[in-house]
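Read off the chains here:
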Amino acid sequence: QGGLYGTTLSKPWQWLDIGRIGDFHEVTMKAMLGEINGFCMPGREVLPGLWVGLNVRINPERCRIEGPVYIGGSAEVADGATLIGPVCIGAGAVIEADAHLERSVVLEYTRVGRGGYFDGKILGSNFCVSADGTVLDSSHTDIGWLFADARSDDLSLTDEQNEILALARRAA
């Protein structure tokens, strides 16, 4: 008579606070490493540690891949690329030959240029952010050839840019 009835349900959950860019990077890395309750890698696992979405173009035998790596739908990874996980590549992204990605997130439709080396970064079509939140905006520098919008025409490198890549390869 006039009583309240209710049902309770107890489920494990985990609070993920993404208030800063560094938090986004940290949560993405934890999710890929299996440290987020209930998160399952999207796509299909085609090799141990390599998940891909639909219409991905990659020849894993011609790339260096250490998982976990996720490549979103319609993305392209050229021969000679290095992906050392956790790495998350968004849909429609293009990773050119000899690019090196480690502990990084590449957002949708971002082109990572030939020879670019990124460790612990979030890459967008016109910016690069370190896990600590430091921003590098390509519109204020002459490094747009290292990361750009994948939907734009292929970027041809100047002689100076090719020389910089050659020096970097020799130093590595």
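Provided above is the structure to which this section pertains.
Residues numbered from 1 in each chain as written. Predicted model: local features only at pLDDT ≥ 70, side-chain atom pairs only at ≥ 80, totals over all residues. Heavy atoms only, no water.

Asker: Mind laying out helix H1 (residues 21-32), listing which residues take part and the relevant values?
Answerer: Taking 1.5 Å of rise per residue, the 12 residues of H1 would be expected to cover 16 Å, and the 17 Å separating its terminal C-alpha atoms lies within 8% of that figure. As for H1, its buried residues are in contact with strand E4 (69-71), strand E6 (82-89), strand E8 (100-106) and strand E11 (121-123). (Helix = DSSP H or I, 4+ residues; strand = E, 2+ residues; numbered from the N terminus. Expected span 1.5 Å × (residues − 1). Contact = heavy atoms within 4.5 Å.)

Asker: Tell me what's going on with unusual backbone geometry, and back it up with residues and numbers.
Answerer: For the bond running from Gly-67 to Pro-68, omega is 5 degrees, close enough to zero to count as cis. Inspection of the secondary structure puts Pro-68 in the loop between strand E3 (64-66) and E4. Residue Pro-86 follows Gly-85 across a cis peptide bond; omega there is 0 degrees. With respect to the secondary-structure elements, Pro-86 resides in strand E6. For Ser-74, which is not glycine, the phi dihedral falls at a positive 65 degrees. Among the structural elements, Ser-74 can be located in the loop between E4 and strand E5 (76-77). Positive phi is not limited to glycine here, since Asp-98 has a value of about 65 degrees. Examined against the element boundaries, Asp-98 turns out to sit in the loop between strand E7 (94-95) and E8. Relative accessible area serves as the criterion here: at 40%, Asp-98 is assigned to the partly exposed category. (Buried < 20%, exposed > 50% of the residue type's maximum accessible area, 1.4 Å probe, protein only.)

Asker: Go over the pairing of strand E12 (residues 127-130), please, and point to the residues and values.
Answerer: Inspection of the sheet shows E11 paired to E12 by 3 bridges, in the antiparallel sense. Counted as the bridge partner of Ile-122 is Val-129 from E12. The hairpin formed by E11 and E12 contains 3 residues between the paired strands. (Pairing = 2+ DSSP bridges.)

Asker: Run through the pairing of E8, naming residues and quoting values.
Answerer: Counted residue by residue, E8 has 6 buried out of 7 residues, so it is predominantly covered. Summarising the sheet, E8 and strand E10 (residues 117-119) pair through 3 bridges and their orientation is parallel. Considered in E10, the bridge of Glu-102 is made with Asp-119. The pairing of E8 with E11 spans 2 bridges and is parallel. Paired with Val-105 across the bridge in E11 is Ile-122.

Asker: Explain the sheet that holds strand E9 (residues 110-112) residue by residue, including any values.
Answerer: Strands sit in the order E5-E7-E9-E14 across an open sheet of 4 strands; the sheet is mixed. Only two strands of the sheet have a single partner each, and these edge strands are E5 and strand E14 (147-149). As judged from the 2 bridges shared by E7 and E9, these two strands associate in the parallel manner. Paired with Ile-95 across the two strands is Val-112, which belongs to E9.

Asker: Give a detailed account of the pattern of salt bridges, specifying residues and quantitative values.
Answerer: The final tally for this structure, using the stated rule, is 7 salt bridges. With a shortest N-O distance of 3.1 Å, Arg-20 and Asp-23 are connected by a salt bridge. With relative accessibility at 57%, the residue Arg-20 sits in the exposed group. Residue Arg-111 pairs with Glu-96 through a salt bridge whose shortest N-O separation is 3.0 Å. Of the two residues, Arg-111 is situated in strand E9 and Glu-96 in the loop between E7 and E8; the sequence distance between them amounts to 15 residues. The pair Arg-111 / Glu-96 is uniform in exposure class, with both members buried. (Salt bridge = Lys/Arg side-chain N within 4 Å of Asp/Glu carboxyl O.)

Asker: Can you break down the environment of Tyr-70 residue by residue, with the values?
Answerer: Tracing the backbone through its elements, the reader meets Tyr-70 in strand E4. The class of Tyr-70 is buried, set by a relative accessible area of 16%. Tyr-70 sits 16 residues away from Pro-86 along the chain, and the two C-alpha atoms are 8.2 Å apart. Setting aside chain neighbours within four positions, we find Tyr-70 in contact with Met-32, Met-41, Pro-42, Gly-43, Trp-51, Val-52, Gly-53, Val-87, Cys-88 and Ile-89.

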